[in-house]
Amino acid sequence: MIYQVHHRTTISYEVPVAQARFNIRLRPYGWPGQSIITQQLDFSPQPAERRNEAGPYCVNRSLIGFTGKLSELAIESRFTVEVTARPPANEGPALDQLRQQALDMRDLSVLSPAPYLFASRIADANSAIGDWAGGILAADQPIVAAASGLMNAIHREFVYRPGATSSATPPAEAFERREGVCQDFAHVMIVGLRSQGIPAAYVSGYLRTEPPPGQARLVGADAMHAWVAVWCGTELGWVGFDPTNDCLALGDHILIAMGRDYADVSPIDGTFVGSAPQHMETAVDVIPQDEVTA
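Small disclaimer: the values here were computed from a predicted structure and weren't measured.

1. Overview of the overall build of the protein chain
Now for step 1: Across its full length, the protein chain carries 8 helices and 14 strands.
Now for step 2: By the compact-globule yardstick of 19 Å for 294 residues, the protein chain fits well, its C-alpha radius of gyration being 19 Å.
Now for step 3: Its C-alpha atoms give the protein chain principal-axis dimensions of about 60 × 45 × 40 Å.
Now for step 4: Counting contacts in the protein chain only where the partners sit at least 6 residues apart, residues at least 24 apart contribute 76% of the total.
Now for step 5: A total accessible area of about 13,100 Å² is found for the protein chain, and carbon and sulfur atoms account for 50% of it.
Now for step 6: Averaging the coordinates of the 21 positive side-chain charges in the protein chain and doing the same for the 32 negative ones gives two points 6 Å apart.

Below, the structure written as structure tokens:
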């Protein structure tokens, strides 16, 4: 499926700020099963400084800077992407075999499981989440079935409630309250998997805006979405699991970036001189190309 994606963000300040600098992570990352056809990232006003770079992790980052006063910044990302993701060919190795494969890997590329085995800035170790996940993940289960079971448990036990949490909410709090949004569910699943020695990563991306006829609309469309990539062994590699919608991340999911947790892939962050309150508005459309040209 070929999609056209349009993401527009407007950041406004009540009082102009100075020396503003931003990290923008909105350019899609090339990924197995995903090919970038065209992409364009525009800013208004134009920054005095702009630099594109890759990394760290599976991230395309644009660094922009403004030397004068800034009252409002409009960021517009447009790209066309072809998604050909397929379900895993098999269930993968059992968890005890997978753990050993991950420890034996000597791969230091961006697709290595090594950085995703350990606690990170947001997805830190938590015994309560670890104990809960340990009761679901049996050592003799194949990895795809095991990760699917944990994903299903989050979808079943947690309530999707926008506004209940923020980007600063730790996974332990969302777990205790059993509510949150896609970011919280992804972090809880990551902490649970890593507690059992399973490499797990945080994925930032998009969902198809309108589902095919007869299918339910996925939660998280019309905004950036988050799910989990699980390393499923040397044969299968990384497989996406969406605990918000209790499904594999396949043809309706478009990957923008993958990192250890939200801090590595946040769409926009930065600094400025001043103390003015700011307001952000975001609009997202993900449309199959045949619907655009029809």
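2. Structural notes on the packing of aromatic side chains
Now for step 1: The tally for this structure, following the rule as stated, stands at 11 aromatic pairs.
Now for step 2: Seen from their ring centres, F22 and F66 are 6.3 Å apart, and the 80° between their planes marks the pair as edge-to-face. Residue F22 is found in strand 1 (residues 2-24), and its partner F66 is found in the loop between strand 4 (60-65) and strand 5 (70-83); the two are separated by 44 residues along the sequence.
Now for step 3: Among the residues examined, F22 registers a relative accessible area of 6% and is labelled buried.

3. Quick word on the pattern of salt bridges
Now for step 1: Applying the stated criterion across every chain yields a total of 14 salt bridges.
Now for step 2: Close ionic contact of E53 with R61 constitutes a salt bridge, the shortest N to O distance being 2.2 Å.
Now for step 3: For E53, a relative accessible area of 24% gives the class partly exposed.
Now for step 4: Owing to a relative accessible area of 18%, R61 belongs among the buried residues under this scheme.
Now for step 5: Via salt bridges that share partners, R21, E49, R51, E53 and R61 belong to a single interconnected network.

4. Let's talk about unusual backbone geometry
Now for step 1: Cis peptide bonds are those with omega within 30 degrees of zero, and the linkage from S44 to P45 qualifies with 0°.
Now for step 2: Locating P45 in the fold gives a position in the loop between strand 2 (34-44) and strand 3 (49-54).
Now for step 3: The step from G55 to P56 runs through a cis peptide bond, and the omega angle for that step is -5°.
Now for step 4: In the Ramachandran plot, Y57 falls in the positive-phi region, its phi being about 65° despite a non-glycine side chain.
Now for step 5: Of note, Y57 is situated in the loop between strand 3 and strand 4.

How each quantity is defined
Residues numbered from 1 in each chain as written. Predicted model: local features only at pLDDT ≥ 70, side-chain atom pairs only at ≥ 80, totals over all residues. Heavy atoms only, no water. Helix = DSSP H or I, 4+ residues; strand = E, 2+ residues; numbered from the N terminus. Rg over C-alpha atoms; globule rule 2.2 N^0.38 Å. Contact = heavy atoms within 4.5 Å. Areas by Shrake-Rupley, 256 points an atom, 1.4 Å probe, with all protein chains shown as cover. Lys, Arg positive; Asp, Glu negative; His and termini not counted. Charge placed at Lys NZ, Arg CZ, Asp CG, Glu CD. Phe/Tyr/Trp six-rings, centres within 6.5 Å; stacked < 30°, edge-to-face > 60°. Buried < 20%, exposed > 50% of the residue type's maximum accessible area, 1.4 Å probe, protein only. Salt bridge = Lys/Arg side-chain N within 4 Å of Asp/Glu carboxyl O.

By themselves, these observations are geometric and do not establish any function.
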